[in-house]
Amino acid sequence: MPVLPSLPGPRRPAAWSALGFAAGILLAAFARLPVLPLFAAVCFLLLAVLLLRARYPLAGNLLLALLLVALGAVRFATCTALWPADHILRAGAEDREGLFTGIVAEEPERHQGRTRFAFDLEEACIDSLCRPVSGQVLVTAKGLDLHADLGDRLTLRGQLQRPLPARNPGAFDYRAYLEQESIHFLLALRRPEQVVASDKRPGPWLFEWVVLPVRHAVEQSITRNLSGGPAGLLLGVLLGEKHALPDELRQDFRLTGLTHALVVSGLNVALVVLFFLTTFKLCRIPERLALVLTLVVVALFALVTGLQAPVVRAGLMAGALLLGRLWQRPGEVYNGLGLAALIILGWQPASLLSLSFQLSFVATLSLVALSRPIAAFFPAAWRTHPWAGEWVLMPLCACLAAQAGTAPLLAWHFNQFSPISLLANLAVLPLLNLALALGMLAGLTGWWLPLLATAFNGSNYLVLRLAIGLVDFFAGLPYASVCLARPGVVALVCWVLLCLCLAFAQKPAARKIALYTALVWGNCAVWAPLLRTPELEVFFLDVGQGDAALVRLPDGRALLIDGGERSPDFDQGERVILPVLRHLGIDRLEAVVASHPHNDHIGGLIAVLEGVEVAHYLDNGQACDTWTARRLRELVREKGIDYRALAAGDSLAGLGGVGGLVLHPGPGFVSGSEQEPAGGFNNGSVVLRLSYGEVDLLFAGDAEDDAEAALLGWGERLRCEVLKVPHHGSPTSSDSAFVVAVQPWVEVVSVWKHNKFHHPSPKVMARYEKQGVQVRRTDQRGAVVLHTDGKSLEWRTLVE
């Protein structure tokens, strides 16, 4: 059985240095420390270490650790807060039309009619003023035949826009993601005239003559015989192609806990090293020359795959081991990991915040630190068995170790746990490893022995089809994936402590700490919900030009009021609402309320009804002859969801201490057929009043003047503390009498920044402001989150 290394000790300087440097990056990232005090701290600590370490070793080592933390903080701060005077962030170019000249900084990514590439700016002309600028923007061309390649010089006309931050709970922070790549603006190209000039130029010679030709040759060798899912899967695991895999297959991999298998990993590097070392040995090349050539091949492979974090990490570790063998000095895995982390973080400190970096290093660390302790729990006869120990037990322990280490990251980022993941990994990963080896052979032989490459591709087709079939089978099993709320700090700390205790399981103190940790975690899990003050939470989600509000009741159950729009380009239900539900750990909705049958209110509900369990579906009873409305009625019938039509005067019972009163629609506002009522669909909107203690909330749908006039008959019951403004603040709603009658403290306007209706109307906003109402708009602040215990009311927005 292979012997795994022990945990890092005091003689592993690179490992401990990397931990200190990473701690400094985290400190600077979350505390937003200014640069100059950090520089001063580095200078002071460096001087103190030089003066004190020889005389006072303990104090000197402590100061050295603090110096490493300070260095990490300084490196992060200088990369994210200090920009040159000509940087595009200082040019005041946001949301302004201009001409931008620069160089295509990477090979453009082409997928489904879109072309994307990073663009190094050289000059910006805004308001007839031209000046040199620096920095990168991400250019996206849609519907254009743009023949741009790496190194080309372009002049583009357009408007620079900042990437969107996370605008809903648990949403992907696109701005932070691009800032990790030093990209701060987006430039969209939709018309041919936006490409003002194009000058074909060669890119860097290494990419132009080596990296890109090798990558294209490997792609052609694979796609010559493979297509569809098998080709997409192989290109993803071999070259890191992000968009080649069909969305349905990607979803199946996510559900089965196999997402990590879709990226280029350290296994690729290991196979490259093994293949070329073996080939050079068979060719009788001297060992020292073979080691040097293999180092060159590993570096080339990292460049061909786009310098992705797992490959860089594995490449640096492989390089350290190969150099150690070259210089006849044995390598050490923890120092190798530490050295790789230091190089990556020194180069791009923001990498520490990326999921790719985290999964790569945590998975590797878990493998080497936890596999042996996990194996120790199995009988000695199993561990020493001639074939079962090495080929069955150790792969099982390796999977368990990787799962244990990465589970908190997966729960944090994806809000799910896959009970089937261990079995799926054991069944699918060996097939993917075989497919990867066959793919490498096809890529290496395709340009000079195409018939042999065809044979490799033919064999690989069978392997890939079997792997895809297994993934589809596991994804279809009941409870293949369980929705989890994002774990809290206590849960994360306890899990890390338990993993550390497992690594030192042979020591009695570690077992005691593990027991106490488990007891603390269990008590927190049991008592925290019972001791928490019952609250009503309302999430007014940012769904563009539409409405969607998620209500979490004091007893933990949830309601959804409207679901945003569904269009060919974007489904608010799939892309916004379901991720929010997963983030909050909600896998069942007590009720879904559809205010009226317009697409911007019910379009996203299709994905919701398909994706989670729904007990009741409530609407105004208005039939509508649209595909969306018909599909919703079909889903309600197919899934056996209880259906009720609401009318003014109805009450919603059993809401965990929350009162629900339907104020609208009254008689005459809903037709008995699919024909639009005389007052229109908007005036037939369900208007729902929720009351918890002394706090009332009014959800007014798209009610317009006629509906508001009818609502005035409710008198005092129309008053509320929180109002979801009717019809996105259109001029046909929120007349003066209605605003005075409601008298809200806070109004929420659900609207899209660039909507063609110019909502909300300035006159409408002025009416609310005249009454002293605090306005929260989703186009400006993202989602609005309200909390109330029935007496006080607190709110926050996702974008400050």
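Being a predicted model, the structure only gives us computed values, none of them experimental. (Residues numbered from 1 in each chain as written. Predicted model: local features only at pLDDT ≥ 70, side-chain atom pairs only at ≥ 80, totals over all residues. Heavy atoms only, no water.)

Student: Describe the overall build of the protein chain, naming the residues involved and giving the relevant values.
Tutor: In terms of helices and strands, the protein chain carries 26 helices and 25 strands. Relative to its length of 800 residues, the protein chain is compact, with a C-alpha radius of gyration of 30 Å against a globular reference of 28 Å. When its C-alpha atoms are laid out on the principal axes, the protein chain stretches across 95 × 70 × 65 Å. Evaluated residue by residue, the protein chain yields a buried proportion of 49% over its 800 residues. Contacts spanning at least 24 positions in sequence make up 70% of the contacts within the protein chain whose residues lie at least 6 apart. Of the roughly 38,700 Å² of accessible surface on the protein chain, a fraction of 62% belongs to carbon and sulfur atoms. Seen as two clouds, the 67 positive and the 68 negative side-chain charges of the protein chain have centres 11 Å apart. (Helix = DSSP H or I, 4+ residues; strand = E, 2+ residues; numbered from the N terminus. Rg over C-alpha atoms; globule rule 2.2 N^0.38 Å. Buried < 20%, exposed > 50% of the residue type's maximum accessible area, 1.4 Å probe, protein only. Contact = heavy atoms within 4.5 Å. Areas by Shrake-Rupley, 256 points an atom, 1.4 Å probe, with all protein chains shown as cover. Lys, Arg positive; Asp, Glu negative; His and termini not counted. Charge placed at Lys NZ, Arg CZ, Asp CG, Glu CD.)

Student: Before we move on, could you go through the sheet that holds strand S18 (residues 659-664) and cite the residues and values that matter?
Tutor: Reading across the sheet, the 7 strands line up as S17-S18-S19-S20-S21-S22-S23 and stay open at both edges, with mixed pairing between neighbours. Each edge of the sheet is formed by a strand with only one pairing partner; in this case those strands are strand S17 (651-652) and strand S23 (774-777). Where S17 and S18 come together, 2 bridges link them in antiparallel fashion. Bridging across to S18, Ser651 finds its partner in Leu661. In the packing of helix H25 (residues 762-770) onto the sheet, contacts are made with strand S21 (722-724), strand S22 (746-749) and S23, and the angle to S22 comes to roughly 165°. (Pairing = 2+ DSSP bridges. Axes fitted to C-alpha atoms, helices over the stretch in contact; angles between N-to-C directions.)

Student: Outline the state of the cysteines, listing residues and values.
Tutor: Within the structure shown, the criterion is met by 1 disulfide. A sulfur-sulfur distance of 2.1 Å marks the disulfide that ties Cys125 to Cys130. Measuring handedness by torsion sign, the sulfur bridge of Cys125 and Cys130 sits at about 115° and is right-handed. The exposure class assigned to Cys130 is partly exposed, which follows from its relative accessible area of 44%. (Disulfide = S-S within 2.5 Å.)

Student: Tell me about the pattern of salt bridges, residues and numbers included.
Tutor: A complete count under the given rule lists 27 salt bridges for this structure. With a shortest N-O distance of 3.2 Å, Asp571 and Arg566 are connected by a salt bridge. Owing to a relative accessible area of 9%, Asp571 belongs among the buried residues under this scheme. When its relative accessible area of 29% is taken as the criterion, Arg566 is described as partly exposed. Residues Asp696 and Arg689 are paired through a salt bridge, measuring 3.2 Å at the closest nitrogen-oxygen approach. (Salt bridge = Lys/Arg side-chain N within 4 Å of Asp/Glu carboxyl O.)

Student: Report on unusual backbone geometry, specifying residues and quantitative values.
Tutor: Here the residue pair His664 and Pro665 is connected by a cis peptide bond, since its omega of 15° sits within 30 degrees of zero. Among the structural elements, Pro665 can be located in the loop between S18 and strand S19 (687-692). Note the cis peptide between His759 and Pro760, where omega equals -5°. By the secondary structure assignment, Pro760 is in the loop between S22 and H25. Residue Arg32 is not a glycine yet carries a positive backbone phi of 50°. Using a relative accessible area of 63% as the deciding quantity, one classes Arg32 as exposed. A positive phi angle is found at Asp562, which is not glycine, with a value near 65°. Note on placement: Asp562 falls in the loop between strand S13 (558-561) and helix H19 (572-583).

Student: Explain helix H10 (residues 309-326) to me, using residue names and the numbers behind them.
Tutor: Taking 1.5 Å of rise per residue, the 18 residues of H10 would be expected to cover 26 Å, and the 25 Å separating its terminal C-alpha atoms lies within 8% of that figure. By the criterion of burial, H10 is predominantly enclosed, with 13 of the 18 residues buried. Positioned one or two residues after H10, Gln328 has a phi angle of 60°, which is positive. (Expected span 1.5 Å × (residues − 1).)

Student: Can you lay out a nonpolar patch on the surface for me, pointing to particular residues and giving the numbers?
Tutor: On the surface, a cluster of nonpolar side chains totalling about 420 Å² of accessible area is made up of Val489, Val493, Val496, Leu497 and Leu500. Tracing the chain through its elements places Val489 in helix H17 (residues 489-503). In this structure Val489 comes out as exposed when scored by relative accessible area, which is 63%. (Patch = residues over 30% accessible without salt bridge, like charges linked within 9 Å, V, L, I, M, F, W, Y side chains within 5 Å.)

Student: Lay out the environment of Trp83 with the relevant residues and their values.
Tutor: One can find Trp83 in the loop between helix H3 (57-81) and strand S1 (97-104). A C-alpha to C-alpha distance of 42 Å links Trp83 and Val722, two positions 639 residues apart in sequence. Trp83 has contacts with Leu89, Arg90 and His184, leaving out every residue within four places of it along the chain.

Student: Describe the packing of H10 against helix H11 (residues 333-347), listing the residues and the values that go with them.
Tutor: Between H10 and H11, the shortest axis-to-axis distance is 9 Å and the interhelical angle comes to 130°. Regarding the angle of H10 to H11, the classification is oblique. Relative to H11, H10 is oriented so that their crossing is right-handed. Residue-level inspection shows Ala309, Val312, Arg313, Leu316, Met317 and Ala320 of H10 in contact with H11, the latter providing Val333, Gly336, Leu337, Leu339, Ala340, Ile343 and Ile344. (Parallel < 35°, antiparallel > 145°, perpendicular 65-115°, else oblique. Left-handed = near helix turned anticlockwise from the far one by under 90°.)

Student: Any details on the confidence of the model for the protein chain? Residues and values, ideally.
Tutor: Close inspection of predicted coordinates is inappropriate for parts of the model with low pLDDT. Per-residue pLDDT for the protein chain averages 88, and the proportion of residues at 70 or more is 98%. Here residues 1-10 scores under 50 on pLDDT; set against residues more than four positions off or in separate chains, the count is 27 contacts. (pLDDT = per-residue confidence, 0-100.)

Student: Before we move on, can you summarise H19 with the specific residues and values?
Tutor: The terminal C-alpha atoms of H19, which comprises 12 residues, lie 15 Å apart, in line with the 16 Å expected from a rise of 1.5 Å per residue. Within H19, 9 of the 12 residues are buried, leaving the element largely enclosed by the surrounding structure. Residues Gln572, Gly573, Val576, Ile577, Leu578, Pro579, Val580, Leu581 and His583 constitute the buried set of H19. Buried positions along H19 lie against strand S10 (482-483), strand S12 (549-552), S13, strand S14 (588-593) and helix H21 (605-611). One side-chain oxygen at the N-terminal end of H19 lies 2.9 Å from the backbone nitrogen of Gly573; it belongs to Asp571. Phi turns positive one or two residues past the end of H19, at Gly585, with a value near 75°. (Polar contact = N/O pair within 3.5 Å; in protein donor to acceptor, adjacent residues only side chain to side chain.)

Student: I'd like a rundown of the packing of helix H15 (residues 421-445) against helix H16 (residues 450-475), residues and numbers included.
Tutor: Where H15 meets H16, the axes come as close as 8 Å, and the angle between the chain directions of the two elements is 160°. With respect to their mutual orientation, H15 and H16 come out roughly antiparallel. Between H15 and H16 lies a crossing of left-handed hand. In the contact of H15 with H16, the residues fall into 22 nonpolar, 5 polar and no charged. (Nonpolar A, V, L, I, M, F, W, Y, C, P; charged D, E, K, R; others polar.)

Student: An account of the nonpolar core is needed here, citing residue identities and associated values.
Tutor: In summary, soluble globular proteins display a tendency toward joint burial of nonpolar side chains. Counting residues in hydrophobic clusters, the biggest one holds 54 residues, and the most contacted among them are Leu233, Phe253, Val269 and Leu432. The set of elements that each furnish at least two residues to this core consists of helix H5 (205-223), helix H6 (228-239), helix H7 (247-255), helix H8 (266-282), helix H9 (287-304), H10, H15 and H16. Here this core takes 10 residues from H15, the largest share from any one element. For Phe253, the residues in contact, after removing those within four places along its chain, are Leu233, Leu258, Thr259, Leu262, Leu432 and Val471. Val580, Leu635, Val636 and Phe681 belong to the second largest nonpolar core, which has 34 residues in total. (Core = buried A, V, L, I, M, F, W, Y, C linked by side-chain atoms within 4.5 Å.)

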